[in-house]
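# Structure at a glance
Listed below are the residues making up each chain.
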Amino acid sequence: MSKRVYKFSEGNADMRNLLGGKGANLAEMTNIGLPIPNGFTISTEACTDYYNDGRTINEDTQKQIFEALAWLEGVQGKKFGDTENPLLVSVRSGARASMPGMMDTILNLGLNDVSVKGFAQKTGNPRFAYDSYRRFIQMFSDVVMEMSKTFFDSILEGVKKEHGYTFDTELTAEDLQDVIAQYKAIYKEKMGEEFPQDPKVQLMEAIKAVFRSWDNPRANYYRMMNDIPYSWGTAVNVGEYLINAQGEDVVAGIRTPSKITQLEKDLPECYKQFVSIADTLEKHYRDMQDMEFTIEEGKLFFLQTRNGKRTAHAAIQIACDLVDEGMITPEEAVCRIEAKSLDQLLHPVFDADALKNGQQIGEALPASPGAAAGRVYFNADDAVAAHTAGSRVILVRQETSPEDIEGMHAAEGVLTMRGGMTSHAAVVARGMGTCCVSGCGDLKVFEDEKYIELGGHKINEGDYISLDGSTGKIYLGDIKTVEASISGNFQRIMAWADAARKLKVRTNADTPEDAANAVRMGAEGIGLTRTEHMFFNPERIPKIRKMILSDTTEEREAALNELIPFQKGDFKGIYKAMEGRPVTIRFLDPPLHEFVPTEDAEIEELAKDMGLSAAEVKARCDALHEFNPMMGHRGCRLAVTFPEIARMQTRAVMEAAIEVNKEEGYSIVPEIMIPLVGDKKELAFVKKTVVETAEKVKAEMNSDIQYKVGTMIEIPRAALMADEIAEEAEFFSFGTNDLTQMTFGFSRDDAGKFLQDYYASKIYESDPFAHLDQNGVGQLIAMAAEKGRKVRPDIHLGICGEHGGDPASIEFCHKVGLDYVSCSPFRVPIARLAAAQAAIADKH
Ligand code: PEP
Ligand code: MG
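Residues numbered from 1 in each chain as written. Chains lettered and ligands numbered in written order. Predicted model: local features only at pLDDT ≥ 70, side-chain atom pairs only at ≥ 80, totals over all residues. Heavy atoms only, no water.

Turning our attention to the coordination of the magnesium ion (ligand 2). For the magnesium ion (ligand 2), the full set of protein donor atoms is E714 (OE) and D738 (OD), at a range of 2.0 to 2.2 Å. Highlighted residues: E714 in the loop between β27 (708-713) and α29 (716-720) and D738 in helix α31 (residues 736-744), separated in sequence by 24 residues. Each of the two residues, E714 as well as D738, counts as buried. (Donors = N, O, S within 2.8 Å, 3.2 Å for Na, K, Ca; no water. Helix = DSSP H or I, 4+ residues; strand = E, 2+ residues; numbered from the N terminus. Buried < 20%, exposed > 50% of the residue type's maximum accessible area, 1.4 Å probe, protein only.)

Below, the discussion takes up the confidence of the model for the protein. Here the protein averages 92 in pLDDT, while 98% of its residues score no lower than 70. Predicted confidence is poor over residues 250-254, with pLDDT under 50, and the contacts of this stretch with residues over four places away or in other chains come to four contacts. (pLDDT = per-residue confidence, 0-100. Contact = heavy atoms within 4.5 Å.)

With that settled, consider empty space enclosed by the protein. One pass over the full model with this rule turns up two cavities of 30 Å³ or more. Considering only enclosed or pocket space, the largest cavity measures out at about 50 Å³ in volume. In this structure, the largest cavity is lined by F587, L588, G635, C636, L638, A639, I645, A646, Q649, I674, P675 and V686. Those elements that place two or more of their residues in the lining of the largest cavity are α26 (636-641) and α27 (643-664). Grouping the amino acids of the lining of the largest cavity by side-chain chemistry returns 10 nonpolar, two polar and no charged. (1 Å grid on protein atoms, 1.4 Å probe; cavity = no way out; pocket = protein on both sides within 12 Å on 5 of 7 lines; lining within 4 Å. Points joined across faces, edges and corners; volume = space filled by probe spheres on them. Nonpolar A, V, L, I, M, F, W, Y, C, P; charged D, E, K, R; others polar.)

This part takes up the packing of α31 against helix α33 (residues 777-791). Interaxial distance between α31 and α33 falls to 10 Å at its minimum, and their mutual angle equals 120°. When the axes of α31 and α33 are compared, the pair comes out oblique. Seen from above, α31 lies across α33 with right-handed handedness. Here T736, L739, T740, T743 and F744 of α31 lie close against α33, whose contacting residues are V777, L780 and I781. Along the lines of polarity and charge, the residues of the contact of α31 with α33 split into five nonpolar, three polar and no charged. (Axes fitted to C-alpha atoms, helices over the stretch in contact; angles between N-to-C directions. Parallel < 35°, antiparallel > 145°, perpendicular 65-115°, else oblique. Left-handed = near helix turned anticlockwise from the far one by under 90°.)

A few words on the nonpolar core. L342, I493, Y575, I674, F732 and L833 are the most contacted members of the largest nonpolar core, which totals 101 residues. Excluding residues within four positions of it along the chain, L342 makes contact with I316, I337, F490, M494, P829, I830 and L833. By size, the runner-up hydrophobic cluster in this structure holds 57 residues, among which are L69, A120, L176 and Y241. (Core = buried A, V, L, I, M, F, W, Y, C linked by side-chain atoms within 4.5 Å.)

Moving on to the packing of helix α3 (residues 59-76) against helix α8 (residues 199-213). Between α3 and α8, whose axes approach to 12 Å, the crossing angle comes to 125°. Our classification of the angle between α3 and α8 gives oblique. Both α3 and α8 take part in a crossing whose hand is right-handed. Facing Q62, I65, F66 and L69 of α3, the residues of α8 in contact are K200, L203, M204 and I207. For the contact of α3 with α8, the per-class residue count stands at six nonpolar, one polar and one charged.

Here's what the structure looks like:
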């Protein structure tokens, strides 16, 4: 028989995986001799059994529960269902990670028509006894039998009305007996059986209900938000029920508790004891505690303690205070702060009071964090105009395209109907630190008519909406936001993190502004500059279009020559902003059709510039059409077909580096990165163009500058052939956006639409574009890293997909021994902290 039930005295704080947080802490408190009610915990393994056995509790476990119950009756000198001295218990959920209010709890269990009399007699307070029974029937019917609360509310209201009462407290014991009779009658009517009188039946049903509540929608939602695996399950704590322990009212917000100092006035002795125990607990756990207690007949009992929930700001303050008090080490302080929560410190958030009145009208993917409120505009030009005129702007699009870049820059926030976490809008917004909510399937966007429909509301151009890019929630109206504030303690924590971590942290930045911002956030280099983003600027896009639509190499080279000064200027700006830190520049990657004009006016303008007819330009655009562009003519394939593009980009990279080294006295070693490689020969082909051009530039400029040529590993074949590829590549950077897309075989731009169904059906627990699929895609990374190192032991390894800013994925990168992670500027502090936490965890 496997052990599934543990008395509180049998556990300890280290057993939270098995006993849940509440169970482990109750055990720990019991062991350090605090006044804890007696009780036992049914383990998370029993929860797993429950689901595996088709949602039933097996006989072994049931036997152990009844044995524990008999023990509890013995030590308490009370009996379940007794007429004179009945045992009452509370049945409370408690998972490994705290999930406040997400699962169910049943109190006052053990009351029935007989024991309520004993309870009344024992307490000398019949009114209280019958009120407890009434509450129990209601709670059991709601939680266990899933009957609507409204039946019970209307009965209670009816009885109050009958007697002309305003408050529940006016109900007498007799009135409550009347309520109970009516409650039982409605129960029988709706359930087709009597309200269960056998406390053992009540108990088993309640335990099942708590296990079941692990799978309720709000628990599932909370788990997804907090990356808590479904497989963990919850434990159930059964403990002696103590009078007035109606903590549920507080948790549910039905009652507003008094300040704890009130206790000093009411019950000074208890208060003194409370303060002393609270102090003991804080010292014992060496952390700020969230405690529940009750007082029975002047005697204090502690019911629960756990590390208190806190905002990121408070977490940093508490961690630094504990270090200063000598309670924890700086490394422990680093581990006390949830890396992801730093987002709260770096971006604006909604004013908490203002948000209380906010009306939520929709929800989609939290694509780029921060809170934003502004007037709705539907294209980049209108957004820019409104911004220039002094309005705060929310840019709403069906999906964003490269031309929206200026509008996104002018906007406080971006909302799109289509697109996932790695869609253009999301990636660009994160880079700029602009709030973005993407992939809102419920949103209807009428871009031409200039209005949207969402959540039953019509919102016109110029109306206000508010977006929370950290939760994905969309609100009606203008909700006040408050700016981020970074305190000195933040820098202390970061310095401790930097001292602990092994991974370097670079950034993905395409402009000197983003680069400078990233340096302020602590970036140690650039892991990815997407050169195509530089072409989205309205001044340049006509030139790149000319290049794309050129018919001959000569025409294309002429167009490229016009682009060189821009590219070189960009690179110089970036090198300068990075102040000599390493910079990896990736060559042109996206399918070319992304740049071609779609509007007639643009086509005509381009035709004029190229000396062609509009029809001719249109025909050339049409010729670029691909059925599956993400798997089409893109990445290094462009440089294979048009080596002149790689030549131009190499020249710009090299000339810029040589000039900046001279001007600033740096010794930059440019890192040229070839995207989407799948074969050694493919890389060798492009590399030859790069090396020839680089050497030519060096000779022309009389420079002996060093440079590196490497590749992205972002298609599965590259991972499989990484040993061969490493013969040509001096570094690898894992492009996990494409690697995820191509390994799963679904599009990063479209998957958002159906992934919801996958979460609902528990096929996937999280978005693989946000959290690295360590089992699948992770295998490819680990294998490629190993193969790469075998051939080239000093190969430099990094990651530049969006996972480079995700704490769990960063831990994985640490484990497989990458040299660095690269992420958008605002995620750099998160990555520094997560990298430190991974290194510290590795030591223990
Ligand atoms: C990637 O694929 O992970 C990557 C970084 O490149 P992009 O997102 O530009 O395709
Ligand atoms: Mg890619």
